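Next come the chains, spelled out residue by residue.
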Amino acid sequence: MSHPEVQGVVILARNGDRTECYQHPITQKPGYTQSTPLGEVQAHQLGTYLRNLYLDPSSPSHVRGIHSDLVDLSEVHVRVKVGGEGASVFDSATALLQGLFPPNPANRITLANETTIVAPLNGYQYIPVETVEPSNDRSLESWTDCPAFEKHVQAVQNTAEFKEATKNAQPFFNALRDFAFGREISMENVYNVWDFVNSELIHNKTYAHRLPPTFIEQARGYANMREDAIYSDKAMGGIGNIASRTALSSILKALQRIAFNGDPLQLMVIESTYQPFISFFHQTGVVDTHPELKAIPDFGSALAIELRRAPPPDARDFLRFKFRNGTHEDFRTIHVFKHHEDIPLTEFIYRLENSVVDSNREWAQACSTRSTTGATWLGLPVGATTGSKAADASLGVFLALFAMLVLFVAGKAIRRRRAVRLSGPEDRLSAAPSETVVQLRHEKGRLPL
């Protein structure tokens, strides 16, 4: 069935190129990284590509009624993951939005004294974004500080298939040792090995000239195998799919808003890392017909979910899914749940409703943790480190002394007054915070376009 009219679109975008980023093999906690000019160009190219596809009135996929020259902030909502790889993801979102809504001299204002002021850089457009931090919102980074997911990772790495892959990879690992510069080479750590080799191949001319042919392809192949196994699950609502199960909460809410005629939202952009892509393709059965997507998406990749309306008398809303791997290819249509055409919005929601994680409370239950944020009582993430053993030791001594002081003061206070018992039972988990749009009003919080 043909559904030519695009009412709105939700974009899940991966950040652009960045420096090497180490991830703990079990907890998946990432280390420090930063974006590169190449990564910013990749994200900007994606933004320009999306503009030509969805904001150009001559495009067959033009979003009906959206303002394309000067952004209407009521029509656009941007969510940015600022947990792991946060700096790179944030910078990529900035660059993407610059390409999506470039400077326009019409971005001006006439003052009371009849002076006309054009925004900086010949009409730069500033778009507020909602930053999503795992300390208060787990929707875009649900796999860290998650005990159940850590058990899942260990279980995957103990399977016969994983051990067989380890055995088969050993000759290559031995050959790669001279190019890993002391890094642990194993199937458990192969993502970090590939990330290092890939980063050096892109940014280090000497390294690129020395690396033997096929080494990057082999390293990427084993990294794809491991990450696909970890960020997937045989059950739609399994813990292995936690990355997409939480991200889909924002996606479904956006689609429902776009479908509602009284809501002005027409474009949602979610800037994230690679994990939700892998889980989404498994959770929705895309890999059944596209097994090549059992892999880490390239930098600058994007998944577009278009909401299209059927012509009368049907008047139903349908979804069309498109994926673009990296910046060197066009969108191609993919199908979810073994559909061979657009899927009705109602059916898509129905199939997912029992697996989507809608709140921090539900995330805590899925992860088998008491904390709804994965943070300790002092607000520090579990396993936090300063990066220096001496500093970590000093911090540990300070926290221990601080805890003793708190207990001493509390003990004296308790002796001075009678204990008060609550009349009702106490919840183990705090209530999930209400979803609010955080618009950064100060200069650093606004993304220039």
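Here the structure is a predicted model, which is why all the values come from computation and not from measurement.

> Mind laying out the overall build of the protein chain, listing which residues take part and the relevant values?
Secondary structure assignment for the protein chain yields 14 helices and twelve strands. Looking at the protein chain as a whole, 51% of its 449 residues are labelled buried. Relative to all contacts within the protein chain whose residues are 6 or more apart in sequence, the contacts with residues 24 or more apart total 72%. On the protein chain, roughly 22,000 Å² of surface is accessible, and the fraction owed to carbon and sulfur atoms is 56%.

> Any details on the state of the cysteines? Residues and values, ideally.
The tally for this structure, following the rule as stated, stands at one disulfide. One disulfide bridge connects C146 with C367, the sulfur atoms lying 2.1 Å from each other. With the S-S dihedral at roughly -100 degrees, the linkage between C146 and C367 falls on the left-handed side. Of this pair, C146 sits in the loop between β6 (130-132) and α4 (147-157) while C367 is found in helix α13 (residues 360-367), placing the two residues 221 residues apart along the sequence. When sorted by exposure, C146 lands in the same class as C367, which is buried.

> Could you give me a rundown of the side chain of R320, with the residues and numbers involved?
Mapped onto the fold, R320 is located in strand β9 (residues 317-324). Residue classification places R320 among the buried residues on the basis of a relative accessible area of 18%. Here the side chain of R320 touches D342 through a polar contact of 2.9 Å, side chain to side chain. When neighbours within four sequence positions are excluded, R320 is seen to be in contact with H3, A304, I305, E306, R308, T333 and D342.

> With reference to specific residues and values, describe the environment of R18.
Looking at where R18 falls in the secondary structure, it is placed in the loop between β1 (5-14) and α1 (37-55). Considered as a pair, R18 and S92 are 74 residues apart in the sequence and their alpha carbons are 9.7 Å apart. Leaving out residues up to four positions away in the same chain, R18 has contacts with T33, Q34, S35, T36, E85, S88, Y191, D195, S199, H203 and F299. In this structure the side chain of R18 is engaged in a polar contact, spanning 3.2 Å, whose partner is the side chain of Y191.

> Give a description of the packing of helix α9 (residues 242-259) against helix α10 (residues 275-283) that names residues and reports values.
Where α9 contacts α10, the two axes come as close as 7 Å, and the packing angle between them is 90 degrees. Looking at the two axes, α9 sits roughly perpendicular to α10. Residues A243, S244, R245, A247 and L248 of α9 form the contact with α10, whose participating residues are Q275, P276, S279, F280 and Q283. Classifying every residue of the contact of α9 with α10 by side-chain character gives five nonpolar, four polar and one charged.

> I'd like to hear about unusual backbone geometry, residue by residue, with values.
Cis geometry is adopted by the peptide bond preceding P313, which originates at P312 and carries an omega value of 10 degrees. Its identity is not glycine, yet L121 carries a phi of approximately 55 degrees, on the positive side. Within the element layout of this structure, L121 appears in helix α3 (residues 120-123).

> Give me the pairing of β1: which residues, what numbers.
Across a regular strand the side chains alternate sides, sitting on one face of the sheet and then on the other. With nine of its ten residues buried, β1 lies for the most part within the structure. Here β1 runs beside strand β8 (residues 302-309); their pairing, made up of eight bridges, is antiparallel. The residue of β8 that forms the bridge with L12 is L303. Inspection of the sheet shows β1 paired to strand β7 (residues 267-272) by six bridges, in the parallel sense. In the strand pairing of β7, V9 is matched with L267.

> Lay out the packing of aromatic side chains with the relevant residues and their values.
Counted under the stated rule, the structure contains 22 aromatic pairs. Relative to Y207, the ring of F179 lies with its centre 6.5 Å away and its plane at 90 degrees, an arrangement referred to as edge-to-face. Remark: Y207 occurs in helix α7 (residues 205-210) and F179 occurs in the loop between α5 (160-176) and α6 (190-203); sequence separation between them is 28 residues. You'll find F179 and Y207 in the same group, each marked buried. The ring of F196 is capped by R183, whose NZ or CZ atom sits 3.7 Å from the centre of that ring.

> I'd like to hear about the pattern of salt bridges, residue by residue, with values.
Enumeration over the complete set of coordinates arrives at 20 salt bridges. What you see here is one network of salt bridges that share partners, running through R18, E85 and D195.

About the thresholds
Residues numbered from 1 in each chain as written. Predicted model: local features only at pLDDT ≥ 70, side-chain atom pairs only at ≥ 80, totals over all residues. Heavy atoms only, no water. Helix = DSSP H or I, 4+ residues; strand = E, 2+ residues; numbered from the N terminus. Buried < 20%, exposed > 50% of the residue type's maximum accessible area, 1.4 Å probe, protein only. Contact = heavy atoms within 4.5 Å. Areas by Shrake-Rupley, 256 points an atom, 1.4 Å probe, with all protein chains shown as cover. Disulfide = S-S within 2.5 Å. Polar contact = N/O pair within 3.5 Å; in protein donor to acceptor, adjacent residues only side chain to side chain. Axes fitted to C-alpha atoms, helices over the stretch in contact; angles between N-to-C directions. Parallel < 35°, antiparallel > 145°, perpendicular 65-115°, else oblique. Nonpolar A, V, L, I, M, F, W, Y, C, P; charged D, E, K, R; others polar. Pairing = 2+ DSSP bridges. Phe/Tyr/Trp six-rings, centres within 6.5 Å; stacked < 30°, edge-to-face > 60°. Lys NZ or Arg CZ within 6 Å of the ring centre and 35° of its normal. Salt bridge = Lys/Arg side-chain N within 4 Å of Asp/Glu carboxyl O.

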